[in-house]
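Chain and residue survey
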Amino acid sequence: MLKRTPTGTWLPAWVPESTFTLSFLLMFCSIVQSSTGGYDGSMLNGLNILPSYTDYFQLNPATTGLNTASVFIGCTFGTLVSGVMTDRIGRRPAIFWASVVTLIGIAIQTAAQNIAMFVVGRIILGFGSAVSGVSSSVFLSETFPSRWRVWGVGLLNDFYYVGALIAAGVTLGTGQWQSTWAWRLPSLIQGIFSILCIVILPFVPESPRWLVYEGYYEYARTSVAQTNSNGNLRDPVAIAVYKEILDTLEWEKKEGRTMSPKEIIKTPTARKRLLIGMSAGPFSCIAGNIIASYYLQQELSTAGITDSTQQLKANVVLNVWCLFCAIIGTQLTANWGRKPTALLSEVCLVICLFIIGGLSKMYADDPAGASHSLVYGNVAVMFIFQGLYSLAWTPLLYLYPPEVFSYTIRANGLAFSAFMLNLLAFVFVYIMPIGLNNIGWKMYMVNGSWDVVIAVLIAVFWVETKGKTLEEIDAIFDGEKHSSVPDIEQVRTGQVTLDVGAIEKQLNANVETTKFE
């Protein structure tokens, strides 16, 4: 049963009374957002293999890189406004308008008559995707109950591979067509995910943290109850979560913290949060997966598999494998923790990259005399590498940063992380085909050396956020929790009994005295 719920924005909501149903809708929102990015990467991977696409645009290594990497130009510009936009108009409206912009970019890309039009379409698509990625990550991290946050936000990137798998299947199906629809149809289908996201938004509530900061206290309390206790306002867990949010945001306001983008570098604590939180973006970008994500054809050719049909099939299998590993990685992240999972993955990536580089050199030295075991052994290690990457970086990319950032810097901090990710991605996606063409197997060795540095930085500087609410994580950085209520898991598991009546009186007093700008 649906309940009309005020949202404090122009975008209305009719929210299910069941917390389980609502969590499913939030996860589905996460899934369709993730699928858009995955579809794009895999689609370009498939298109770069199709003669109907490469011949139509008369591509060379430079223009192939431009067509593929131009989406990151849009992503880079999108991240510059995504934080401010998400804070000012609300999380849900920001997702809505981002999805609309993405659809416009997809339409231009599909109708492209030349490289310039294709690139413009992909820039617009990238702009919408960037805003959508930041606003979705902030929205889901702030709305999901802490016990389900890993799955809710982790899926925001896990299902990248579902979109990738769909794109791989579509390009495999259209690959034998002789018309331009062999690449136009895969491009057009990309818009389905943004449409699904727009359809879901009216059935999920606004972020309770955004509502509290904007002064919509009763709306926020309703949102907390809907996501934690089937709409029961007097449930101990719902009351504790709401009180924790209210106390923490009141403390941030008294400390003079604002929603300005400058806040991310204003204090030593903010700068520490920024360096740790934003590191997930650049680290995941330079870990080495870009080669397989966008240039699988060149990578397989380096290993000795040159038939286009076999390369398309390998693309499909790769995405199934990566999805499986991402799901396993999300469970590892939930049970084992963020930092240990990232360290395990990074160390294994270093080993794999050096092995791939060595095997690729053996093939390059004598392509005609290379054995089948060498070729397929190299491909197998490539697949293992992608699986190990997916184990940690796929769920952590959008999960870890919003956990590390406090409310006033969450959207802008995540936007900065995404900005660095897309800036590096644009550079790496553009130079990878040139690097593979010029130095071949040595690219893997260079990438492996970078990963050694990343592993050290994670071990030294990352903090563990497992099992904590966003407000409880503040204690790691500020040295204290800014609310008098017990930790939420203690209340949820019955370790602590909450005096609901006493907290109700405190809440009423707080709402009367707390004034937010």
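Residue positions are given per chain, counted from 1 along the sequence in the order it is written. Residues qualify for local features only when their pLDDT is at least 70, as the model is predicted, and side-chain atom pairs are given and counted only at 80 or more; totals for whole chains, interfaces and linings, by contrast, use all residues. Excluded from the side-chain calculations are hydrogens and water; all other atoms, namely the structure's heavy atoms, are used.

**Details of a nonpolar patch on the surface**
Together, Phe 354, Val 452, Val 453, Val 456, Leu 457, Val 460 and Phe 461 line one region of the surface with nonpolar side chains, adding up to about 590 Å² of accessible area. Where helices and strands are cited, they refer to DSSP runs of H or I of at least four residues and of E of at least two residues respectively, numbered from the N terminus. Examining the composition of the nonpolar patch, we find that 6 residues originate from one element, helix H21 (residues 442-461), more than from any other. Turning to its location among the elements, Phe 461 is positioned in helix H21. Each patch groups residues whose relative accessible area exceeds 30% and which form no salt bridge, using 9 Å between like charges and 5 Å between nonpolar side chains of Val, Leu, Ile, Met, Phe, Trp and Tyr. Methods summary: accessible areas were calculated by the Shrake-Rupley approach with a probe of 1.4 Å, and residue burial reflects only the protein chains presented. The salt bridge criterion pairs a side-chain nitrogen of Lys or Arg with a carboxyl oxygen of Asp or Glu, the two atoms within 4 Å.

**Some thoughts on the pattern of salt bridges**
If you walk through the whole model with that rule in mind, you get 18 salt bridges. Salt-bridge contacts for Arg 221 lead to Glu 504; the nearest nitrogen and oxygen are separated by 2.5 Å. You can see Arg 221 sitting in helix H11 (residues 217-228) and its partner Glu 504 sitting in helix H24 (residues 500-513), a full 283 residues away along the chain. Exposure remark for Arg 221: the relative accessible area of 11% places this residue in the buried category. You can call Glu 504 buried: its relative accessible area is 12%. Among the ionic pairs, Lys 266 bridges to Glu 263, the shortest N-O distance being 4.0 Å. Think of it in three bands: residues with accessible area under 20% of the maximum for their type are buried, residues over 50% are exposed, and the middle band is partly exposed, with areas taken using a 1.4 Å probe on protein chains only.

**Things to note about the side chain of Glu 142**
Secondary-structure assignment places Glu 142 in helix H5 (residues 115-143). Overall, the relative accessible area of 0% leaves Glu 142 in the buried class. Reaching out from Glu 142, the side chain makes a polar contact with the side chain of Arg 410 at a distance of 3.0 Å. Setting aside residues up to four positions removed in sequence, Glu 142 forms contacts with Arg 91, Ser 207, Pro 208, Arg 209, Trp 210, Tyr 407, Arg 410 and Leu 470. Pairing of N or O atoms within 3.5 Å defines a polar contact, subject to two protein rules: one partner must be a possible hydrogen donor and the other a possible acceptor, and residues neighboring in sequence count only if both atoms are side-chain atoms. Contacts were defined at the residue level, with two residues in contact if any of their heavy atoms lie within 4.5 Å.

**Digging into the nonpolar core**
Grouping buried Ala, Val, Leu, Ile, Met, Phe, Trp, Tyr and Cys residues that are joined through side-chain atoms within 4.5 Å yields what is termed a nonpolar core. Val 204, Trp 393 and Trp 462 are the most contacted members of the largest nonpolar core, which totals 82 residues. Broken down by element, the residue count for this core peaks at 17 residues, all from helix H19 (residues 372-404). If we ignore the near neighbours within four places in the chain, the residues touching Trp 393 are Asn 157, Ala 280, Phe 283, Ser 284, Ala 287, Ser 345, Glu 346, Leu 349, Ile 454, Ile 458 and Trp 462. Judged by nonpolar contacts, the second largest core, of 25 residues, contains Trp 210, Val 212, Ala 225 and Ala 238.

**Quick word on the environment of Pro 261**
With respect to the helices and strands, Pro 261 occurs in the loop between helix H12 (236-254) and helix H13 (268-278). For Pro 261, a relative accessible area of 42% puts it in the partly exposed group. As for Pro 261 and Ser 70, which are separated by 191 residues in sequence, their C-alpha atoms are 26 Å apart. The contact partners of Pro 261, leaving out residues within four places of it in the chain, are Val 84 and Asn 412.

**Remarks on H5**
One less than the number of residues in a helix, times 1.5 Å, gives the span that helix is expected to have. Here H5 contains 29 residues, and its C-alpha end-to-end distance of 41 Å stays within 8% of the 42 Å for a straight helix at 1.5 Å per residue. For H5, the tally of buried residues reaches 21 of 29 residues, placing the bulk of the element in the interior.

**Digging into the packing of helix H3 (residues 61-89) against helix H4 (residues 91-110)**
Between the N-to-C directions of two axes lies an angle of 0 to 180 degrees, each axis being a line fitted to C-alpha atoms and, for a helix, fitted only over the stretch in contact. Running from N to C, H3 and H4 cross one another at 130°; their axes reach a closest spacing of 6 Å. In terms of their interaxial angle, H3 and H4 are classed as oblique. Seen along the crossing, H3 lies across H4 with a hand that is right-handed. Counted together, Met 85, Thr 86, Asp 87 and Ile 89 of H3 and Arg 91, Pro 93, Ala 94 and Trp 97 of H4 form the full contact between these two elements. Put simply, angles under 35 degrees are roughly parallel, angles over 145 are roughly antiparallel, angles from 65 to 115 are roughly perpendicular, and the rest are oblique. Two helices that cross are described as forming a left-handed crossing if the nearer one is turned anticlockwise from the farther one by less than a right angle, and a right-handed crossing if clockwise.

**Focus on the confidence of the model for the protein**
This prediction gives the protein a mean pLDDT of 87; 95% of its residues lie at or above 70. What pLDDT expresses is the predictor's confidence in each residue, scored from 0 to 100. Per-element mean pLDDT across the protein ranges from 59 in helix H15 (residues 290-294) up to 96 in helix H10 (residues 208-213).

**A short note on the packing of aromatic side chains**
Centre distance within 6.5 Å is the pairing criterion for rings of Phe, Tyr and Trp, where only the six-membered ring of Trp is used; planes under 30 degrees apart are then read as stacked, over 60 as edge-to-face, and the remainder as tilted. A complete count under the given rule lists 21 aromatic pairs for this structure. Arranged with centres 5.8 Å apart and planes meeting at 55°, the rings of Tyr 53 and Phe 118 form a pair that is tilted. On the criterion of sequence distance, the pair formed by Tyr 53 in helix H2 (residues 51-57) and Phe 118 in helix H5 is long-range, its members being 65 residues apart. Residue Phe 118 is classed as buried on the basis of its relative accessible area, which comes to 0%. For the ring pair Tyr 216 and Tyr 219, a centre distance of 5.4 Å and an interplane angle of 5° mean the geometry is stacked. Taken together through their ring pairs, the aromatic side chains of Tyr 53, Tyr 56, Phe 57, Phe 118 and Trp 183 make up a single cluster.

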